[in-house]
Each structure stands twice: as structure tokens, then as C-alpha cells.
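Here is how the chains run, residue by residue.
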Amino acid sequence: MKKQELERLAKMETRILQIAEEEGLTVKETIFEVVPARRMLEAMAYMFPVNFSHWSFGRDYDYHRTIYDHSGAGIPYEQVWNFDVPKALLVETNPFALNVLTMAHVVGHVDFFLRNHYTRHGRSFANIAEEARFAAERFMKYESKYGEEKVEAIIDAGMSLRWHQPHDPLLEEPDDEKAREYKISLIQEKIRYAQRRAKEGNGGAEQSEAAIKALDLELARARSATPPEPVYDILKYVMARSHRLRKWERDILSVIWNQARALAPNARTKMLNEGWATYWHTRIMRRLFGEGLLSAEEHGVFLDFHNKVTQQQKLGLNVYSVGPAIFEYAEDAWNKGRFGREFEECRNPREKAEWDTHAMKGKEKVFQISASYTDHMAVMELFTPEFIHGLELYIYEERLNEEREEVEYIILEKNPEIIRQILMHRHAFLGTPEIVVVNGNYNSHGELYLRHGYDGRELEDTYTRETLRNTFYAWGRPVHLETIVDEKPTLYSYDGKSISVKNDDADEWTGEDDLSILFEL
Amino acid sequence: MKTSPSTEEASMPVIAPEIVSERGKADARRHRQKQRDAIRKQLPHIIAEESIITGKRDRIIKIPVKNMQIPEFKHGQSKKGKTGGLGQGKGGKGDIIGKRSVPGKTGGKDGKPGSEPGVDYIETEIEIAELIEFMMEDLGLPRLEEKQVRKIVVEAGWRVHGTAHTGPQVLRNNKKTVQEGIKRFWFMLEMLHKETGRAKVTCFYALREADGIIPDALRLLENLEFAHPEGMTEEDIAPFPIIHPDDERYHRLERKTAQKSQAVVFAMMDVSGSMTDEKKYYARSLLFWLTEFLRRIYEHVDIRFIIHHTIAKIVAEEDFFRTGESGGTFCYTAYEMVNSLIESDYPLSQWNVYAWHFSDGEDFDPARTVAELKKLFEKKINMFGYGEINPEESSYFTAELLDAFKKEFDLKETREGDLKIVASVDDDTPFIGAVIKKKEHILAALKAFLKRDRWQK
């Protein structure tokens, strides 16, 4: 990049920051690093400026690079990190207008990082990039000391489990002993209460006695059970209680765990975050063009990229399309007062369609969304039938046409309620099935027992098997997973040699089946 | 762009990039390695693909290769076979919004790709040769160590090799001859010097004057009555070749021969009524790969196709797999034909001989078949392979032929997974048999047929 161009870019940055401030965004000093395209491609694959070696990063790097090299498409243009001092990359060979667009977009991200309740929490892992850099060095040493295969195996195991995290992204689950203490005190409190009631003669002596007996039993269980309460953070549990992990392996797992925890807030807010950045880059760019800071030709380049990035995807959802639409929709609806009880309860279709109270609450609402929502919350509240209809969302199905040797994609359903349900599922639990550790001493032999919270969707069989293998590798004793297959309770077990799948015929599982179409997809 | 635009160049936002690019490449390599391993695992399916074995050889085939995924607990696809997702755009219920071609889809029941973790099908091109490399990694042909491949000497014209003292003028090796002549010059000079006591340079001029003839030179040196410059030193000696008939050198010619390795495959197949299309397909698949392997090892491979029911006949390749006859089975007729073909066209001194027979085990006269096989073994063929193709679990006839073989030869039964393999203990009777029941057995059978060092002592 020529000096002249750099200087112009610096001027643009100043103006962009001024505009952002005027619009009410939080402005924070951000490092923009001008790099070659390759560097950007790597950053995209490795998640951090420097990270340890793993084939999955290599795969992603290869993927981005192939698209970039061969199709000319997929120009990498955006990588921003929620560090203490946020950092973003600009590609030196990208058109000037694209780099300006990227800056305007990044300003939106930085505001979101600082504004949003969840990504703000992600900032508490501020030194995560430094950690990744040191981890890369340590892992290399481990490789030469213990062999690449062993290092890869433990990384694989960690990565298999990393997205199973506590529901509340802001809280860590207590360790076994803390959880036990709390549970015991809770039960003891209940016992005292029951005893008091028995003394007072309330509710019949027999009944109280039975209740106390049951509580005593529960107390005994709480004293010995491990974990005392189901644990969602499987990887953390494995790290703490594994029967075989060596120090260096624990180190590797803790790096992976830490990175996943740091990235989880981003993962939970991906759609909103991209939506917010796109919403703002559109506005900021509009002003830059209005002020004549960019030429007509550059306007063309900008529009070209903007349209490409935000276009609808026929087979999938583009967050750059759906994300900003959420804010546009909310802004419009809240400006017109299309919210609240009165609006919801309006049964006159015509009146409802034309509803406009000039409430002008739009700006307030979009800032509120970006400050305190996750994607899941946004789907729950804002994906109304009219919004989904306006987005032209649908469910499609793949069908093999044997005659023509083709797979055809066919629109199967446009029912907004079903679409909303699918989206809610997709944005819950970081998209993972709900699986908890219920017993870390199964068979009184230190075996690990996991339970799948079945919600009508079954687990993918092959993935389940492979994940159990990886879990075993880190746990060191047999691992089990209780789930539902073909509507029957099923137990997968892996003992280090082979996987067994026991399907209990006698005990049929029954569950609600109202949204069955949801689970066929 | 850290600071205001007035910042000097030194603090411009060009920060030296951190080097990860080697890591990116290395990690990408590791991923591709894993993909290769996955292909290897899929080999039993891939090699049985009909599109591979029915096409032309040495072409590039396409197989879907998946990006490897980190295994995670995840929600599966519906049991009802529906796959799909959410999309965005215009269209109503039932509209087709896109298409994707699925080339090479055979529709066979085992044709589905493996379901180990992996999505994102990427069609990767792979050559048949590369597939064979994969297989070769843990395979080798029996008796294919250097000493075991019978190399046949063939004449391939003449070549110059070394020198001779006699020969026709056209082959005179001038360079060598002159070299000899120079040697003779120095020798003579030394002799003249010793005989006459004259200075070497004087001897040189005498020798030159005498045209290299020693008696003349001696005479000249006696009285020095010949023109020679004075005051010369030894450094002025300019040697010239003095060529005697003994010094003549000629190029030596040799007959050129080459070691060539050639093999013949006798592919025999039962085409009686009990051989269904499915069985023939297995035979064809096995045969395709077996000959592909031989082609990597021998410079020349002949294949003769022999079908038989109650009589045997030689057919063209196309007909080999197409022919179906009704009626009974006499396997010996095919073996007989191989025996006579070896005698007439493929002498063992010239050819490596492989005989493979595919049948469903039915034979109306096993005793005679065994007798014919014995004759083949007496001729010292490289290998006899027997594939009993028997996909139906409960066949209504017993596999008489294999039983007969077992009775006659010293055979040992082993298992490769769930594939039954029957092989001779040593190479006096180089017999390998396999009982093939399903598609996945094809690769295992290949491995058995091609196992390295099977008969190594």
C-alpha cells in the first residue's frame, strides 16, 4: 500500500470515528494492521493472531486460500478481535473503498464488543491472544517431546467437547466440592424445616417422617455423588477428574477450554454482532459518500461488495443479510409503536397493518438489543410471523432425482412458527445438544456417564461414536452416553476397545411430537 | 491507523506480520493426510464402484472426498432420510430452488459414501494409479521379489561395448589407435636414447626423419647426417603416433539384449446358470484390480478370457462378463484349456503365468478339475487364484470345488476380517482361494491374492 493511500485511509478513520461518536457509538482506539491477503486468510482460520497447530485450522486455511486463489471470490476483508485494545486486519491489496467499508464495519463491531452484555464478558479474557501465542510455543515443545500424534490426539479430544458449556455464559459452574456444600446445606435446610413442621404437628406425623427419610436419603446421595449436580461443562469436568491426564495434556485442554469460553460470547451473538456492524457500516458509508470523501467510482466498488456480502443465501442463512434486517425491522417497528400489548392484541388485520403511533422508539430499541440480547433472545422476541415473512425465509429439503442424477432442493415449508422454532433450537446451547455429566464414578469404577437431554432430535450416530472415543482418550476409563434412539432409551458405551449400543426395547420413550417436522430436518 | 493522520510514517499502521504461514501450510498438509487416510478407509467401497471398473484404464476418476470434521455430539439427520435446512429467497412451497449433480452415483445398495465425521463434499480427482498406490502400500504380489519375477531375455539389436584388436575398417577406433601410437612413440624414443646415448631431442628428430622406422632412425643417429635444428631441448619434442598393426584398435560390437518381464493372466469364469449378474460383477471387479496390479509389475501383460459351463471357450473381454449360459458346470474344461494354451503360446520359460478362476463353487466333476490343476502346478505356474463367489448365505449347493481342493492340496484356512481365505502352505502348489460373499470382501480378497511374502521361507 502506498504512503499516500495509507494517509488517506488514516483520514478516513478519523472521520469514521467522528461519525460513529455522533451516532452514539462507543469509540475505542483500535489497531488496524495492514497485511497481505495470506496473513488475513490465516487469521481467519486460526481464530487468533497466532495460535497453536492443528489440522482443523489447516483445513480452514486451505479452504479460504483455495477459494481466494482459484475463484477470485472470497476476498478476505474482515477480521476483528475483541481484545483489550481491539485489533482488526486490512488487506493491503484490497480496493480502497473496501478497506474503508471494513473500517466502518469494524467500528460497529467494536461498539458491540463494548456494549453487549455478553461480549463485554468475553473481554475479561483480554490476554487470550497472548495466551494463544505462548500456547503455540509450548505445544510445539510438547510435540517434540511427546510426539505430534499424542499432541494431536489430546487437542482432538478437547475440541470435541469444547462447546458444551454452562447455560449462563457469564458464570462458571462450581467445582464438585462447592456444589456439594451448597447442595448439602440446601437439603439440611429442608430437613430442619420438615422437622419443625413435624414438631408443630402440621401435615401429619407420618407424612413428615416419610419426607424426612427421603431427604436423609438425598443427603446421603449428595455426600457421595460425583458430581453432586449435573455438570454442563464437560471439558472442565474431564480436566479436573480425569484418570489419566498428564500435566502437559491438562495444559493443552485448559488452553482449548479457555479459548472456547472466551469465544462463546461471540458465538452466542454472532448474528446480532454482524447485524450491528452491517447496520452501521451502511449508515457511516452513506455519510462518507454524502460528504464527498469518496469518489463515484469508489461508491461503485463499495456497492458491489456490500451487495455481495449482504445477499440472501438460497441454501442457508447469511448473517450479513438476516443480522442487519433484525435491527432495521426493530427500528421501524419501534418507531411506529408496533409493539406492546395493545398492538399484539389488535385483531383487526387492516388496522394492524397500518399501525403507526409515531412512537419513535426505534433508536432506543436497537441500542437496547445490541446491549443486552443474544441471538437466541433476538429470535424469541423479534422473529414475528411478519418479520420471517418479510425475510422470505423457508425450509428446504434435499431430494435425490435418480433419473437425472441430481439432488434437487425444494421448498418444503414456509410456516413462520416452525421456522422460528428451528432458529431457536439452532441458537440454543451454542448449537450443541444438551448433554450433561451425571456421574463421574459410574459402576463405582470412575467411569464417566453422560446424559443427553432429548428434545425430539436424535444424535448423529457416527459423530456420537467418534466423540465418545475422544472423550475416553482424555478420561481414561470407560465412557457412557444415555440418549434416545428410535424413541427408545439407548446407552452408548466405549471401553477403549469397542463401542456398544444398548437399545432398551422394553421401555419406550414417549414425548411430545407436535412440531415433528422440526426434527425431521 | 492507530493514531491521528498527522502521525509520521514510522508509526503508520504497517505492523510486521506475525509469521504463521508455514504453520498454515503444514497444518493444511496434515489435514490432507487425514483425508487420504479416510479415503484409504473407504477403499473397500471405492474400488467396488462400478464406474471405475467399467471405464477406460488410466483415466482420472472422481471420488468425493470430505473435509475432516472434529467429532462432536450433534443432532443427526432425520430417520426418514430428509435432509435440508433453512434458506432465504423468493419461492413458494414445492418450488425447486437449486440442484446439484451427483456424478458416479451408481444407485447400488452399498454405493453410499461412508458416514464418518465429515461434510462438505469436495470432488477430488484421483487417478487410478494413485488408488493402486494406496493399496500397494500394504500389498505386494506373491513371488514378485526380484528373483521371482521371471525376466525374459529378448534381443534388441547391437551396441558398442569396449574395444577389440581386430575388426573391419569401418569400426576402427581412431582415437584409441592414435593413443596406442603415441605410447609406441615414447617407447621408441626411450629405446633410441638408451641405445645411442644421444640426446632425446636428437632422437626425436631422427625418429621423425625415419618416419618412425627404428632401423632407419638408428642409422641416422650413428652419423647424424640429417637435417635437424640445433640447440633444441626436450621440450621441443612433438610426439606423433607410430602405428603398428598391433596398435590398431576397433570398436567391439555386442548383441544387445534386454530383460523383459511379461505375464499372462488366464481369467476363467463360470458362466453357468447359477452365476448371477451380481456374482459376475464381483468377479469382474476383482479381475480388474488384479490385472491392474500385474500391469504395474510387468512390462507386458496378456490376458486371456476363458468362460466355461460344461465346455470352455476363449472369448473377448466384452463377452467375458456378458455371457450367460444355462446348464451345468465342468470346471476342468477351463483348466484343460489353460494347460494347452501354456503349451502352445505361453511357455513358462518366457512367461509368468497367473491363472484365476471365479466360480460359485459348483462343479459336476471336481476330481477331474483337481487333476487338471495338478498339471498346472507341475508346469510351475506363478500362482493359481480361486475366487468362490457366494453372496447368498444359504446356497442350495455345497461348495464342492473348494472342498476338493482342500482334500488334494496342503491348504490352510485363515480369516481376514470375515473373509475366508484358503491358501497353500508353500509354493509347490501356489494356491490361494477366497470365499467372497459381499462387496467389502473384494478388497480383502485382493489383499489375500496379492499378499507379499506369502510363501517366503
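The structure under discussion appears in the preceding block.
Let me begin by describing the structure that accompanies this report. Computed from a predicted structure; not experimentally measured.

### Some details on the sheet that holds strand β8 (residues 479-485) of chain A
Whenever strands of a sheet pair, they do so through backbone hydrogen bonds, lying parallel or antiparallel.
All names here are of chain A.
Here comes step 1: The strand order β6-β7-β8-β9-β10 describes an open sheet built from five strands, whose pairing is mixed. Each edge of the open sheet carries a strand with a single partner, namely β6 (435-442) and β10 (499-503). Strand-to-strand twist in this sheet, taken as the mean axis angle between neighbours without regard to direction, amounts to 20°.
Here comes step 2: Looking at chain direction, strand β7 (residues 447-452) and β8 are connected through four bridges and run parallel. Paired with R451 across the strands is E482, a residue of β8.
Here comes step 3: Against the sheet, helix α10 (residues 234-241) makes contact with β6 and β7, and its axis sits at roughly 20° relative to β6, the strand it touches most.

### Re the interface of chain B and chain A
Here comes step 1: Facing 64 residues of chain B, the contacting portion of chain A comprises 99 residues.
Here comes step 2: Where chain B abuts chain A, roughly 7,500 Å² becomes buried across the two surfaces, and 56% of that area is made up of carbon and sulfur atoms.
Here comes step 3: Remark: the boundary between chain B and chain A carries five salt bridges.
Here comes step 4: The closest approach of N and O atoms between R30 of chain B and E152 of chain A, which form a salt bridge, is 2.5 Å.
Here comes step 5: At the boundary of chain B and chain A, one finds 28 residue pairs in polar contact (both at pLDDT 80 or more).
Here comes step 6: The element that contributes the greatest number of residues to the side of chain B that touches chain A is helix α1 (residues 21-46) of chain B, accounting for 10 residues.
Here comes step 7: Counted by class, the side of chain B that touches chain A contains 20 nonpolar, 23 polar and 21 charged residues.
Here comes step 8: Relative to strand β2 (residues 83-88) of chain B, strand β4 (residues 393-401) of chain A runs antiparallel, the two sharing six bridges. Note that in β2 of chain B the partner of L393 of chain A across the bridge is Q88 of chain B.

### Remarks on helix α12 (residues 441-449) of chain B
The periodicity of an α-helix, 3.6 residues per turn, causes residues three or four places apart in sequence to face the same way.
Here comes step 1: Judged by how many residues are buried, α12 of chain B sits mostly within the fold: eight of nine residues are covered.
Here comes step 2: For α12 of chain B, the complete set of buried residues consists of H441, I442, L443, A444, A445, L446, A448 and F449 of chain B.

### Considering the environment of R36 of chain B
Here comes step 1: In this fold, R36 of chain B is placed in helix α1.
Here comes step 2: Put simply, R36 of chain B and F134 of chain B are 98 residues apart on the chain and 8.9 Å apart in space, counted from C-alpha to C-alpha.

Definitions and limits used
- Residues numbered from 1 in each chain as written.
- Chains lettered and ligands numbered in written order.
- Predicted model: local features only at pLDDT ≥ 70, side-chain atom pairs only at ≥ 80, totals over all residues.
- Heavy atoms only, no water.
- Pairing = 2+ DSSP bridges.
- Helix = DSSP H or I, 4+ residues; strand = E, 2+ residues; numbered from the N terminus.
- Axes fitted to C-alpha atoms, helices over the stretch in contact; angles between N-to-C directions.
- Contact = heavy atoms within 4.5 Å.
- Buried area = accessible area lost by both parts, 1.4 Å probe.
- Salt bridge = Lys/Arg side-chain N within 4 Å of Asp/Glu carboxyl O.
- Polar contact = N/O pair within 3.5 Å; in protein donor to acceptor, adjacent residues only side chain to side chain.
- Nonpolar A, V, L, I, M, F, W, Y, C, P; charged D, E, K, R; others polar.
- Buried < 20%, exposed > 50% of the residue type's maximum accessible area, 1.4 Å probe, protein only.

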